[in-house]
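Okay, here's what each chain looks like letter by letter:
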Amino acid sequence: EIVVLLDNSASMGYGDRWQRAKAEASRVFGSLGAGDRATLVLFARNAEENIRATADRGRLEAALNAATLSSGATRFGPALKLAESILSGSNLPRREAVLVSDFQRTGWSGSE
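An account of the accompanying structure is given in this report. (Residues numbered from 1 in each chain as written. Predicted model: local features only at pLDDT ≥ 70, side-chain atom pairs only at ≥ 80, totals over all residues. Heavy atoms only, no water.)

1. Side note on the sheet that holds strand 2 (residues 38–43)
The condition that has to hold: For two strands to be treated as a pair, DSSP must find no fewer than two bridges joining them. Helix numbers and strand numbers start at the N terminus; a helix is a DSSP run of H or I with at least 4 residues, a strand a run of E with at least 2. Each axis is a line fitted through C-alpha atoms, and for a helix only the stretch in contact is used; angles between axes span 0 to 180 degrees, taken between their N-to-C directions. In this analysis, two residues are considered to be in contact whenever any of their non-hydrogen atoms come within 4.5 Å of each other.
Spatially, 3-2-1-4 is the arrangement adopted by the four strands of the open sheet, whose pairing is mixed. Every interior strand has two partners, whereas the edge strands, strand 3 (47–54) and strand 4 (96–100), have only one. Each neighbouring strand pair of the sheet contributes to a mean axis angle of 15°, computed without reference to strand direction. Pairing analysis gives five bridges linking strand 1 (residues 2–7) to strand 4, with the strands arranged parallel. Across the sheet, Leu6 pairs through a bridge with Val100, a residue of strand 4. Across the sheet, helix 1 (residues 17–30) touches strand 1, strand 2 and strand 4, and the angle it forms with strand 1 is around 175°.

Quick look at the structure:
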């Protein structure tokens, strides 16, 4: 079970960050094995499941290609909490979260 957390905040629009981030998410989807599933979560201020728990690489790539940048700031907490919820509900033996971001320091609040 792999959850790809893709930061689509405004800061990801600088330079080639967005293209590189999407390429990394695509690489993760391309590495899925026969029994693997993946979820794409887009996050900026809030986190949202874009496509959930599928082994269909075509659907994952289509969702990734349709993803756009937001005007919001980065917040890591909601994305990580959503990943935790998805992974804790999985019955697969291997569970992994992949965080793809430019890691803006302001994305962390004190309690996170």
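2. Section: the pairing of strand 3
Inspection of the sheet shows strand 2 paired to strand 3 by five bridges, in the antiparallel sense. In the sheet register, Phe43 faces strand 3, and the bridge partner there is Ala47. Between strand 2 and strand 3, which pair antiparallel in sequence order, lie three residues.

3. Quick notes on the nonpolar core
Under the convention used in this document: For this analysis, a nonpolar core means a set of buried residues of the types Ala, Val, Leu, Ile, Met, Phe, Trp, Tyr and Cys, connected via side-chain atoms within 4.5 Å. Burial classes: relative accessible area under 20% of the type maximum marks a residue as buried, over 50% as exposed, and values in between as partly exposed (1.4 Å probe, protein chains only).
Counting 20 residues, the largest nonpolar core has Val4, Leu6, Phe29 and Leu40 as the members making the most contacts within it. Of all the secondary structure elements, the ones that give two or more residues to this core are strand 1, helix 1, strand 2, helix 2 (57–66) and strand 4. A per-element tally of this core places helix 1 first, with five residues. Setting aside residues up to four positions removed in sequence, Val4 forms contacts with Ala25, Val28, Phe29, Thr39, Leu40, Val41, Val98 and Val100. Counting ten residues, the second largest nonpolar core, distinct from the first, contains Leu5, Phe43, Ala79 and Ile86.

4. Some thoughts on the packing of aromatic side chains
Basically, it comes down to this: Side-chain rings of Phe, Tyr and Trp, where Trp is taken by its six-membered ring, are said to pair if the distance between their centres is within 6.5 Å; with planes under 30 degrees apart they count as stacked, over 60 as edge-to-face, and otherwise as tilted.
In this structure the tally under the stated criterion is three aromatic pairs. Here Phe43 and Phe76 contribute two aromatic rings whose centre-to-centre distance is 5.9 Å and whose plane-to-plane angle is 55°, an arrangement assigned as tilted. Separated by 33 residues along the polypeptide, Phe43 in strand 2 and Phe76 in helix 3 (residues 76–88) bring together distant segments of the chain. Taking the centre distance of 6.1 Å and the plane angle of 20° together, the rings of Phe76 and Phe103 count as stacked. Of this pair, Phe76 sits in helix 3 while Phe103 sits in the segment after strand 4, and the two are 27 residues apart along the sequence. The class for Phe76 is buried, based on a relative accessible area of 1%. An aromatic cluster of three or more residues is present, and its members are Phe43, Phe76, Phe103 and Trp108.

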